[in-house]
Amino acid sequence: MADAVVVGAGPNGLTAAVELARAGLSVQLYEAADTIGGGSRTEELTLPGFRHDTCSAVHPFGIGSPVFRTLPLADHGLEWLQPEVPMAHPFPDGTAAVLGRTVGETAASLGPRDAPVYRKLLAPYTGHWDTIAADFLRPPWAGLPRDPYRFARFGLTGLPPVAVLRRRFHDPKAGGMLAGLAAHAISRLTGPLTGATAMMFALAAHERGWPVARGGSQAIADALGSYLRELGGEIRTGVTVRKLDELPPARAYVFDTSPTALARIAALGDAYRGYRYGASVFKIDYALDGPVPWTAEAARRAGTVHIGPTYAEIGDALTRAVTGRPPHTPFLITAQPGVVDPSRAPAGKHVFWAYGHVPNGWHGDATDVVERQIERFAPGFRDLVLARAISGPAELAARNANYVGGDIACGAFAGFQTVLRPRLAAIPYATPRPGVFLCSSATPPGPGVHGMSGHNAAKAVLRHLRRTSPRAAV
């Protein structure tokens, strides 16, 4: 009998397995795909030699993860590469707001009226990433925050929607940049905690940067998998689990799956009946004949580029996706890892990654509206396209079963579900079935390649084993 069986080898499943193995437990990990990685895979999607990240590409919360910081991932091949500019937000006049490595650099790009406002907003938290990240990404039962003052101050500032936060600023550049940062939550800009989302992404850039992994996001999963094997854990790929009794006997089962899949596999009935999935994305991976010809100079040096000049335009794009309407002028999140990682493509060529928001399960084709939006800020872009790989909601869901209807966040950020994921419970990782746990992005602290949902779930498993089988929990 294994101590723990983990199903799903995404970043959270891998992290949960590593944490349990580090605690001295025997761990078996099962993955339906032929390779580990989940949302952090890298594949040749277009042409030979062009390595594309199939979902996640840029990792501010990966390099800033409290749990990744404790793991010897560099010894297992993970190397972070920092672009000169973490993120650029271009405007039609050829200028750009710059989310830089310092508060001052970012403030200067917002203009003289808003520079002091930005400094006042973010400066109190610089130098305190370790405690802020630990406090906001911790499990619900973890007790008092490590830095109660900054935890309370950050929370009170970020609790209101970004629609409220942007009123502190005077000019449209700051509003557009904040809206773009908040849009990573894939919810309306009037939703609660979208202000905190924008602030966390901004602070991450100032404190840890927005890096890419050398060779692709697959390097993160491969490093976790290599460390797990070093600890004695077993990984078995190409195994689809349809029922719990298909798995070997174990003292605990941990699922890096959607709540829907877990309920089906573990026969949990209506345990997650009220869980809702959110809007999807329409993603295009490009093989390019050269770098993207941005009119804004800062965008040419940025690892990430947000495309959507105004708060109103970004807000409309998100609202359309959330309310089930097709995209018109999409807000785009794009990544160009070639600015720091030439290994992603043949010499002189580049890979480029872009997605806009669309309704859950949408079956349309947004290629034209996406490329027209890119051309607004990079004229001649289409002339560089050698090949493209298009992934709408159906393709995303087929590639990763956790993305129900193409929801890459594994659950909507709306209403109580913004903070109570996946259901109201003292221990959100536990399920109604004893010994069965959930560790995916559907659990706190939510989506992102940071492994903290897996880390938190592993702590819940260890607490359970200490109560029920003390000898099994070292």
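Along each chain, residue indices are assigned from 1 in the same order as the chain's sequence is written. Two thresholds apply to this predicted model, a pLDDT of at least 70 for residue-level local features and 80 or more for giving and counting side-chain atom pairs, whereas whole-chain, interface and lining totals are computed over all residues. Excluding hydrogens and water, the side-chain values take into account all heavy atoms of the structure.

Per an unreviewed UniProt entry, the protein chain carries the name NAD(P)/FAD-dependent oxidoreductase and comes from Actinacidiphila acididurans.

Asker: How should I be thinking about the overall build of the protein chain in this particular structure?
Answerer: The helix and strand inventory of the protein chain stands at 15 helices and 16 strands. Whereas a compact globule of 474 residues would reach a radius of gyration of roughly 23 Å, the protein chain reaches 21 Å, a difference of no more than 12%. If one aligns the C-alpha atoms of the protein chain with their principal axes, the spans along those axes are about 65 × 50 × 45 Å. Here's how the labels work: a residue is buried when its accessible area is under 20% of the maximum for its type, exposed when over 50%, partly exposed in between, all with a 1.4 Å probe on protein chains only. Counting the 474 residues in the protein chain, one finds 62% classified as buried. In the protein chain, once contacts between residues fewer than 6 apart in sequence are set aside, the share between residues at least 24 apart is 74%. Element-wise, carbon and sulfur atoms account for 54% of the exposed surface of the protein chain, whose accessible area totals about 17,500 Å². Helix and strand definitions follow DSSP, with helices as H or I runs of at least four residues and strands as E runs of at least two, each counted in order from the N terminus. Two things to know: the radius of gyration comes from C-alpha atoms, and the globule rule equals 2.2 Å times the number of residues to the power 0.38. By definition, residues are in contact when any of their heavy atoms lie within 4.5 Å. Each accessible area is a Shrake-Rupley result for a 1.4 Å probe, and residues are judged covered by the shown protein chains and nothing else.

Asker: Explanation requested: helix 9 (residues 194–207) in the structure shown.
Answerer: Because the α-helix completes a turn every 3.6 residues, residues three or four places apart line up on one side. When the terminal C-alpha atoms of helix 9 are compared, their 20 Å separation across 14 residues agrees well with the 20 Å that a helix rising 1.5 Å per residue should span. Judged by how many residues are buried, helix 9 sits mostly within the fold: 14 of 14 residues are covered. Trailing helix 9 by a residue or two, Gly209 shows a phi angle of about 85°, which is positive. Each residue after the first adds 1.5 Å to the expected span of a helix.

Asker: How do you make sense of the sheet that holds strand 11 (residues 280–288) when you look at a structure like this?
Answerer: Each strand in a sheet pairs with another by means of backbone hydrogen bonds, the pair being arranged parallel or else antiparallel. Sheet architecture is open: seven strands sit in the order 7-6-12-13-14-11-15, paired in mixed fashion. Looking at the sheet topology across the chains shown, the edges are occupied by strand 7 (96–99) and strand 15 (385–391). Going from strand to strand, the sheet's axes swing by 20° on average, the running direction of each strand aside. Pairing between strand 11 and strand 15: six bridges, direction antiparallel. Residue pairing in the sheet places Tyr286 in a bridge with Arg388 of strand 15. A strand pair is defined by DSSP finding two or more bridges across the two strands. Only the contacting stretch of a helix is used when fitting its axis, a line to C-alpha atoms as for every element, and angles between N-to-C directions run 0 to 180 degrees.

Asker: Could you clarify how one ought to interpret the packing of aromatic side chains in this entry?
Answerer: Two aromatic rings are characterised by how far apart their centres lie and by the angle between their planes. When the centres of two rings from Phe, Tyr and Trp lie within 6.5 Å, Trp using its six-membered ring, the rings pair. Their planes under 30 degrees apart give stacked, over 60 give edge-to-face, and anything left gives tilted. This model, assessed by the stated rule, comprises 13 aromatic pairs. Summarising the aromatic geometry, the rings of Tyr125 and Phe154 are spaced 5.1 Å apart at their centres and angled 75° between planes, so their arrangement reads as edge-to-face. With a gap of 29 residues between them, Tyr125 in the loop between helix 4 (115–122) and helix 5 (129–136) and Phe154 in helix 6 (residues 148–158) connect regions that are remote in the sequence. Here Tyr125 and Phe154 have matching classes, each one buried. Ring pairing ties together the aromatic residues Phe61, Trp129, Phe201 and Trp210, which thus form one cluster. Between the NZ or CZ atom of Arg138 and the centre of the ring of Phe151, over which it lies, the distance is 5.5 Å. Lying across the ring of Tyr311, Arg166 places its NZ or CZ 3.8 Å from the centre. Whether a charge lies above a ring is judged from NZ of Lys or CZ of Arg, which has to be within 6 Å of the ring centre and within 35 degrees of the ring normal.

Asker: Please explain the environment of His89 as it appears in this structure.
Answerer: Checked against the element boundaries, His89 lands in strand 6 (residues 85–90). Setting aside chain neighbours within four positions, we find His89 in contact with Thr95, Ala96, Ala97, Gly176, Met177, Gly180, His306, Gly308, Pro309 and Ile314. Between N or O atoms, a polar contact is any pair within 3.5 Å; within protein, one atom must be a potential hydrogen donor and the other a potential acceptor, and residues adjacent in sequence are included only when both atoms are from side chains. A distance of 2.7 Å separates a polar side-chain atom of His89 from the backbone oxygen of Gly308.

Asker: What exactly am I supposed to notice about a positive patch on the surface here?
Answerer: Patches in this entry comprise residues that are over 30% relatively accessible and not in a salt bridge; like charges within 9 Å are linked, as are nonpolar side chains (Val, Leu, Ile, Met, Phe, Trp, Tyr) within 5 Å. Throughout this description, the term salt bridge denotes a Lys or Arg side-chain nitrogen within 4 Å of a carboxyl oxygen of Asp or Glu. Positive charges are assigned to Lys and Arg, negative charges to Asp and Glu, while His and the chain termini are left out of the count. Working definition for charges: the position is that of NZ of Lys, CZ of Arg, CG of Asp or CD of Glu. Taken together, Lys459, Arg463, Arg466 and Arg467 make up a surface patch of like positive charges. Its place among the elements puts Arg463 in helix 15 (residues 452–468). Taking the relative accessible area as the measure of exposure, Arg463 reaches 34% and is therefore partly exposed.

Asker: Explain the side chain of Asp256 here, please?
Answerer: With respect to the element layout, Asp256 can be found in the loop between strand 10 (250–255) and helix 11 (259–265). Among buried charged residues, Asp256 stands out as having no salt bridge; its nearest opposite-charge side chain is Arg41, 9.1 Å away. Within the local environment of Asp256, its side chain forms a polar contact with the backbone nitrogen of Gly10, the two atoms lying 3.2 Å apart. A polar side-chain atom of Asp256 sits 2.9 Å from the main-chain amide nitrogen of Gly13.

Asker: Looking at this structure, how should I read the sheet that holds strand 16 (residues 436–438)?
Answerer: With parallel pairing, five strands are arranged side by side in an open sheet as 9-2-1-10-16. Edge positions in the sheet fall to strand 9 (234–237) and strand 16, since each of these pairs with one other strand and no more. The mean angle between the axes of side-by-side strands here comes to 20°, regardless of whether they run parallel or antiparallel. Where strand 10 and strand 16 come together, three bridges link them in parallel fashion. Bridge assignment links Phe255 to a residue of strand 16, and that residue is Leu438.

Asker: Sorry, what's going on with the pairing of strand 1 (residues 2–7) here?
Answerer: Consecutive side chains of a regular strand alternate in pointing toward one face of the sheet and then the other. Of all six residues making up strand 1, six are buried, and the element is well covered by its neighbours. Of the strand pairs in this sheet, strand 1 and strand 2 (residues 27–31) are connected by four bridges, and their pairing is parallel. Along strand 2, the bridge assignment pairs Val6 with Leu29.

Asker: Where do I start with the pattern of salt bridges in this structure?
Answerer: Side chains that carry opposite charge are capable of pairing whenever their charged atoms lie near each other. Under the counting rule described, the total for this entry stands at 21 salt bridges. For Arg301, the salt bridge identified is with Glu84, shortest N-O distance 2.8 Å. A residue pair is termed long-range when its members are at least 10 positions apart, and Arg301 in the loop between strand 11 and strand 12 (302–307) and Glu84 in the loop between strand 5 (80–81) and strand 6 qualify at 217 residues. Arg301 sits in the partly exposed class, given a relative accessible area of 27%. A salt bridge links Arg372 to Asp368; the shortest N-O distance between them is 2.9 Å. In this pair, Arg372 and Asp368 both sit in helix 13 (residues 367–377), four residues apart, roughly one turn of the helix.

Asker: Sorry, what's going on with the state of the cysteines here?
Answerer: What is meant by a disulfide is a covalent connection between two cysteines, made through their sulfur atoms. Defined by distance alone, a disulfide is two cysteine sulfur atoms within 2.5 Å. Using the criterion set out here, one finds zero disulfides in the structure. Distance from the sulfur of Cys410, which forms no disulfide, to the nearest cysteine sulfur (Cys439) is 10 Å.

Asker: Got a minute to help me understand unusual backbone geometry in this structure?
Answerer: Both trends apply: most residues other than glycine have a negative phi, and most peptide bonds are in trans. Residues Arg421 and Pro422 are joined by a peptide bond in cis, for which omega reads -5°. Residue position: Pro422 is located in the loop between helix 14 (393–399) and strand 16. The amide bond that connects Pro444 to the next residue, Pro445, takes the cis arrangement and shows omega of 10°. Tracing the backbone shows Pro445 in the loop between strand 16 and helix 15.

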